Amino acid sequence: MTTTDLRVETKSSPAPARVRRGPALAVIALGAAAVVALWWRDTPHVVGPGGWLTGAGRITGLLAGYGLAVLLALMARVPALERGVGTDRLTRWHARGGRYVVWLAIAHTLLIIWGYAVTEATGVVDETVTMVLSYPDVLKATAAMALLVAVGAISVRAARRRLRYETWYHLHFYTYLATWLAFGHQLATGEEFAGHHVATACWYALYLGVAALLVRYRLWAPLALSLRHRLRVVTVVPEAPGVVSIYLYGRDLDRLRIEPGQFFRWRFLTRRLWWSANPYSLSAPPGTGTLRITVKDLGDHSAALARLRPGTRVLAEGPYGAFTAGLRCRERVLLIAGGVGITPLRALFETLPGQVTLIYRARSAEELVFRAELEEIAARRGARLLYCVGDRAVIGSPFTARELRRQVPDLRAHDVYLCGPPAMTGAASAALREAGVPARRIHHESFDF
Ligand SMILES: Cc1cc2nc3c(=O)[nH]c(=O)nc-3n(C[C@H](O)[C@H](O)[C@H](O)COP(=O)(O)OP(=O)(O)OC[C@H]3O[C@@H](n4cnc5c(N)ncnc54)[C@H](O)[C@@H]3O)c2cc1C
């Protein structure tokens, strides 16, 4: 199968909605301010150390409750957020926010217990027992807290490294249970809600709104996509040692409004693979009924794809990712690919408007994927294609500011798209910065989030 089969005339449709980083963060910050305002409105004055401890406990509790809803919304795969902010950045916000929420929940628990104990002149242990056993929904909230701390603990980098990705991923689902267990006590014991119907209605709206997003985009959207487009494996083609391309056929693919540079999460319905949905970028612009991904065998899932049979049904979630033409703001564009990181850049190399240069880094010529296609595209659109081949031990690091300036005249006037192994993209990014390319014009897609 050649790439000419892959090119398609897309009907001109309005640009898909995207929410950029700035507005997204502003909405989150405004929500947090509104939550603290709830406490402020409800607290005309604070009396004594017990009052201050309890006050701090109420604020941290409100922020933890709000934060939990935001964390779930960030992972709801809302298309406008996925396209505008990007999955890797949303995942990083989620991970960092997760740490804050766990610490806020811990602080909330300790401060409330301490505050009540001081106010009621009782011991902390007695107060704890009273609260857990007699306050409405606090026993459930205690279980929620234990789950949150456990999920937080296994998400610490050191712990996560010891777990298989799938095990960590599925254990993470306990956050949904923790959210449900924690919800009741927020309204039952939260003074900001007792007798305040508007505040209570807003809190319900926040949580039910997030639940609706999760059902809409994490359950319904993938199901509807698969029913509508009926994706199947057409063929598997070896590309290089340990690298294969998988061609997929589907109906009405142009309705997916895929942008080159994006990825899907793919669930292949075989006995060994159905339970895992792994992200792979499209390695060519979407074609007339055809999609292509190209995969390097790095572990169980990626290695098993080489043995897929034609006709295998595929459930796909997406398209996701902000690594698209939407980021470009300059006429000149530099694409820097390393190893299998060539996949999204192969799709962009063909479609990005403007003057495009592609630097493709590989340890050996044998590892270069899509050579014929890249050279055909370069010739057809008058783009520059530079291979950077060789073992680092032999050629050193090709990504220095001096070398990049030599290879790419007027480097500073470029947008740069980077995708490859973390060590390579780290070195390239630092060299680009040193060469004067502003950080806002260095766009990076990570294959590890
Ligand atoms: C946005 C994005 C686009 C990608 N595009 C491509 C591509 O075009 N071609 C390609 O060869 N690889 C791509 N990858 C990487 C690919 O997803 C992983 O190599 C693959 O999932 C590894 O799974 P495994 O079971 O083979 O290996 P494992 O040993 O299980 O995992 C190796 C590493 O891959 C990551 N990983 C594993 N499973 C998942 C998952 N379900 N979701 C997210 N990360 C996971 C983990 O960080 C893990 O440490 C992409 C990754 C991302 C995030």
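What counts, and at which threshold
- Counting restarts for each chain: residues are numbered from 1 in the order of the written sequence.
- Totals for whole chains, interfaces and linings use all residues, but because this is a predicted model, local features are given only for residues with pLDDT of at least 70 and pairs of side-chain atoms are given and counted only at 80 or more.
- Excluded from the side-chain calculations are hydrogens and water; all other atoms, namely the structure's heavy atoms, are used.
- To count toward a patch, a residue needs a relative accessible area above 30% and no salt bridge. Like charges then connect within 9 Å, nonpolar side chains (Val, Leu, Ile, Met, Phe, Trp, Tyr) within 5 Å.
- Each accessible area is a Shrake-Rupley result for a 1.4 Å probe, and residues are judged covered by the shown protein chains and nothing else.
- Just to be clear on terms, a salt bridge is a Lys or Arg side-chain nitrogen sitting within 4 Å of an Asp or Glu carboxyl oxygen.
- A positive count includes Lys and Arg, and a negative count includes Asp and Glu. His and the chain ends are not counted in either.
- By convention, the point assigned to a charge is CZ for Arg, NZ for Lys, CD for Glu and CG for Asp.
- Numbering goes from the N terminus for both helices and strands, where a helix is a DSSP run of H or I of at least four residues and a strand is a run of E of at least two.
- The span expected for a helix works out to 1.5 Å for each residue beyond the first.
- Using a 1.4 Å probe on the protein chains alone, a residue whose accessible area is under 20% of its type maximum counts as buried, one over 50% counts as exposed, and one in between counts as partly exposed.
- The criterion used for residue contact is that any of the two residues' heavy atoms lie within 4.5 Å.
- Values of pLDDT, which run from 0 to 100, indicate the predictor's confidence residue by residue.
- Each Phe, Tyr or Trp ring, with Trp reduced to its six-membered ring, pairs with another whose centre is within 6.5 Å; inter-plane angles below 30 degrees give stacked pairs, above 60 give edge-to-face pairs, and intermediate values give tilted ones.
- Here, a charge over a ring means that NZ of Lys or CZ of Arg falls within 6 Å of the ring centre while also lying within 35 degrees of the ring normal.
- Any two strands are treated as partners once DSSP identifies two or more bridges connecting them.
- All axes are obtained by fitting lines to C-alpha atoms, using only the stretch in contact for helices, and the reported angles, taken between N-to-C directions, cover 0 to 180 degrees.
- Looking down the strands as they point away from the viewer, one classifies a crossover as right-handed if the path from the first strand across the helix to the second runs clockwise.

*Asks:* Would you take a moment to explain a positive patch on the surface for this structure?
*Replies:* On the surface, a cluster of positive charge is made up of Arg21, Arg92, Arg96, Arg99, Arg157, Arg161 and Arg162. Of all elements in the fold, only helix H4 (87-119) and helix H7 (157-162) reach the threshold of two or more residues within the positive patch.

*Asks:* Hey, could you run me through helix H9 (residues 174-189) in this one?
*Replies:* An α-helical turn contains 3.6 residues, so a residue and the one three or four places further along point in the same direction. When the terminal C-alpha atoms of H9 are compared, their 23 Å separation across 16 residues agrees well with the 22 Å that a helix rising 1.5 Å per residue should span. The set of residues buried in H9 consists of Thr175, Ala178, Thr179, Leu181, Ala182, Phe183, His185, Gln186 and Leu187.

*Asks:* Explain the side chain of Gln186 here, please?
*Replies:* Structurally, Gln186 is set in helix H9. What makes Gln186 buried here is its relative accessible area of 11%. Residue contacts for Gln186: discarding those within four places in its chain leaves Gly65, Phe193, Trp203 and Tyr207.

*Asks:* Teacher, can you tell me more about the environment of Trp168 here?
*Replies:* Here Trp168 is to be found in helix H8 (residues 165-171). With a relative accessible area of 11%, Trp168 lands in the buried category. Sequence spacing of Trp168 and Ile154 is 14 residues, and the spatial spacing of their C-alpha atoms is 7.2 Å. The residues contacting Trp168, other than those within four sequence positions of it, are Ile154, Ser155, Arg160 and Leu163.

*Asks:* Quick question: what am I supposed to make of the confidence of the model for the protein chain here?
*Replies:* As a note on interpretation, predicted positions should not be read in detail where pLDDT is low. Per-residue pLDDT for the protein chain has a mean of 93; in total, 96% of the residues score no lower than 70. Confidence over residues 1-11 falls short of pLDDT 50; this stretch has 23 contacts with residues more than four positions distant or in other chains.

*Asks:* What's the story with the packing of aromatic side chains in this structure? I'm lost.
*Replies:* Aromatic ring pairs are reported here in terms of the distance separating the ring centres and the angle at which the planes meet. In total, this model carries 14 aromatic pairs according to the counting rule given. Ring plane angle 45° and centroid distance 6.1 Å describe the contact between Trp203 and Tyr207, whose orientation is recorded as tilted. Of this pair, Trp203 and Tyr207 both sit in helix H10 (residues 197-229), four residues apart, which is roughly one turn of that helix. Of the two residues, Trp203 and Tyr207, both sit in the buried class. Taken together through their ring pairs, the aromatic side chains of Tyr165, Trp168, Tyr169, Phe173 and Tyr176 make up a single cluster. In this arrangement the basic side chain of Arg160 is found over the ring face of Trp168, its NZ or CZ atom lying 3.8 Å from the centre.

*Asks:* Looking at this structure, how should I read the sheet that holds strand S6 (residues 314-320)?
*Replies:* Strand order in the open sheet formed by three strands is S4-S3-S6, with antiparallel pairing between adjacent strands. Two strands lie at the open edges of the sheet, namely strand S4 (278-281) and S6, each paired on one side alone. Direction aside, the axes of adjacent strands within the sheet are offset by 30° on average. Where strand S3 (residues 263-268) meets S6, five bridges bridge the pair, whose relative direction is antiparallel. Residue Trp266 lies in a different strand from S6, and its bridge partner there is Ala316. Across the sheet, H10 is in contact with S3 and S6; its angle to S6 comes to roughly 120°.

*Asks:* Hey, could you run me through the environment of Gly123 in this one?
*Replies:* Relative to the helices and strands, Gly123 resides in the loop between H4 and helix H5 (124-134). A sequence separation of 119 residues divides Gly123 from Gly242, and the C-alpha atoms of the two residues are 64 Å apart.

*Asks:* Please explain the pairing of strand S8 (residues 355-362) as it appears in this structure.
*Replies:* Side chains on a regular strand alternate between the two faces of the sheet. Within S8, seven of the eight residues are buried, which leaves the element mostly enclosed by the surrounding structure. The pairing of strand S7 (residues 332-338) with S8 spans seven bridges and is classified as parallel. Looking across to S8, one finds that Arg332 is bridged to Gln355. Between the parallel pair S7 and S8, the chain is carried across by helix H12 (residues 342-351), and the sense of this crossover is right-handed. Summarising the sheet, S8 and strand S9 (residues 384-389) pair through six bridges and their orientation is parallel. Bridging across to S9, Ile359 finds its partner in Leu386.

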